Amino acid sequence: MCSNKRKSYPPTKSNIHSFFGPSTIKKHKQQHDRSLFTYPFLDPYPPLSFTLQTNTKERRLINDKLDLDLIYITSFIPSPCDMSLYSYLLNTLPWYRVEYSKQIDRVVNIVTPRYTTVFGIDDTQQSREKYTRPPRPIPSVLEQLKQRVEEVTSAKYNFILVNFYANGQDSIAFHSDDEHWLGEEPCIGSLSLGAERDFHMKNKANESLKQNFVLNSGDLIVMRGPTQHAWVHSVPKRTSQLSGRINITFRRSFIPEGTNNYYRYNVGDGPMYRYINGKMIKYDSD
Ligand SMILES: O=C(O)CCC(=O)C(=O)O
Ligand SMILES: [Fe+2]
């Protein structure tokens, strides 16, 4: 059971309808609000040309190490559906290569070493104006996928963060997803599609305690219970890998701070990219 326990955060308001409104993407260029220029003015997502399949035959629990609690399902999206989903997402989602600066000893500029994008809104579902960047609804295929992941994890999610590692040069450094807006024991589902990559975990208190995986297309890992507090995880560079990989994480943020943070660091203020004719290009909506 993966409960996504809630800390005592402010009471929730249920105004999702006023939030997303009847039409979510403005279609006509002349109606674009230029202050929202980093947001996609995309055509509606095309219908799926395949049926989304899931499979839980290869389900393992991994909880034999200190404060580690994982569900590992290989081929959760069986072949060839995994690659159909990979191509659909790569070709239809808006992508960003977010830049930000961080104060360490001095101000350091960071370019996120992978493409990212995000959908969803925290539990409080404030009106659009209350957020620093307007949140976006979850595309239908990701909503279907979210429901399947909710079934196998007995948890609920309201955010989908997507990473695209164009090749083995792209990566994510050791970190834990333990921000306070995720509650005390975040339950995070993480699905891999496309190229094989390493997924490394180490215990924060005892770094010699490790749990490493080679993740393949279609595999789902769920990190839950004390895992985020006690462990860090990463996808290191693998320069021999020339192909792309998509990773989709399912999370639940209870408060607007989570919404603001996720859109800041997964959409940001820079240009949007789209994958067109086999290439990632800066996309100018004009
Ligand atoms: O790509 C992955 O498998 C991990 C991604 C991740 O850890 C994250 O987005 O927080
Ligand atoms: Fe993570």
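Parameters at a glance
- Residues numbered from 1 in each chain as written.
- Chains lettered and ligands numbered in written order.
- Predicted model: local features only at pLDDT ≥ 70, side-chain atom pairs only at ≥ 80, totals over all residues.
- Helix = DSSP H or I, 4+ residues; strand = E, 2+ residues; numbered from the N terminus.
- Expected span 1.5 Å × (residues − 1).
- UniProt positions renumbered as here; feature names shortened; annotations may be inferred.
- Contact = placed C-beta atoms within 7 Å.
- Near = placed C-beta within 6 Å.
- Nonpolar A, V, L, I, M, F, W, Y, C, P; charged D, E, K, R; others polar.

- The name recorded for the protein chain in an unreviewed UniProt entry is Fe2OG dioxygenase domain-containing protein, from Adineta ricciae.

**Structural notes on helix α3 (residues 140-153)**
Now for step 1: With 14 residues, α3 should cover 20 Å at 1.5 Å per step; its first-to-last C-alpha distance of 20 Å lies within 8% of that length.
Now for step 2: Immediately downstream of α3, the backbone of Ser 154 shows phi near 50°, a positive value.

**A word on the UniProt feature "binding site: 2-oxoglutarate" (unreviewed entry) in the protein chain**
Now for step 1: Mapped onto this structure's residue numbering, the UniProt feature "binding site: 2-oxoglutarate" (unreviewed entry) falls at Asn 163, Tyr 165, His 175, His 233, Arg 245, Thr 249 and Arg 251.
Now for step 2: With respect to the element layout, Tyr 165 can be found in strand β7 (residues 159-165).
Now for step 3: Residues within four places of Tyr 165 in sequence aside, it is in contact with Arg 114, Asp 170, Arg 197, Val 235, Gly 244 and Arg 245.
Now for step 4: With near-sequence residues (within four places) excluded, Thr 249 lies in contact with Leu 161, Ile 188, Gly 189 and Ser 190.

**Description of the UniProt feature "domain: Fe2OG dioxygenase" (unreviewed entry) in the protein chain**
Now for step 1: UniProt feature "domain: Fe2OG dioxygenase" (unreviewed entry): in the numbering of this structure it lies at residues 156-254.
Now for step 2: In residues 156-254, the share of helix is 4% and the share of strand is 47%. The end C-alpha atoms are 11 Å apart.

**Focus on the site of ligand 1**
Now for step 1: If you check the shell around ligand 1, you find Leu 161, Asn 163, Ile 172, Asp 177, Ser 190, Phe 199, His 233, Val 235, Asn 247 and Thr 249 and nothing else.
Now for step 2: Listing elements by their share of the shell around ligand 1, those giving two or more residues are β7, β13 (231-235) and β14 (245-251).
Now for step 3: Per-class residue counts for the shell around ligand 1 are four nonpolar, five polar and one charged.

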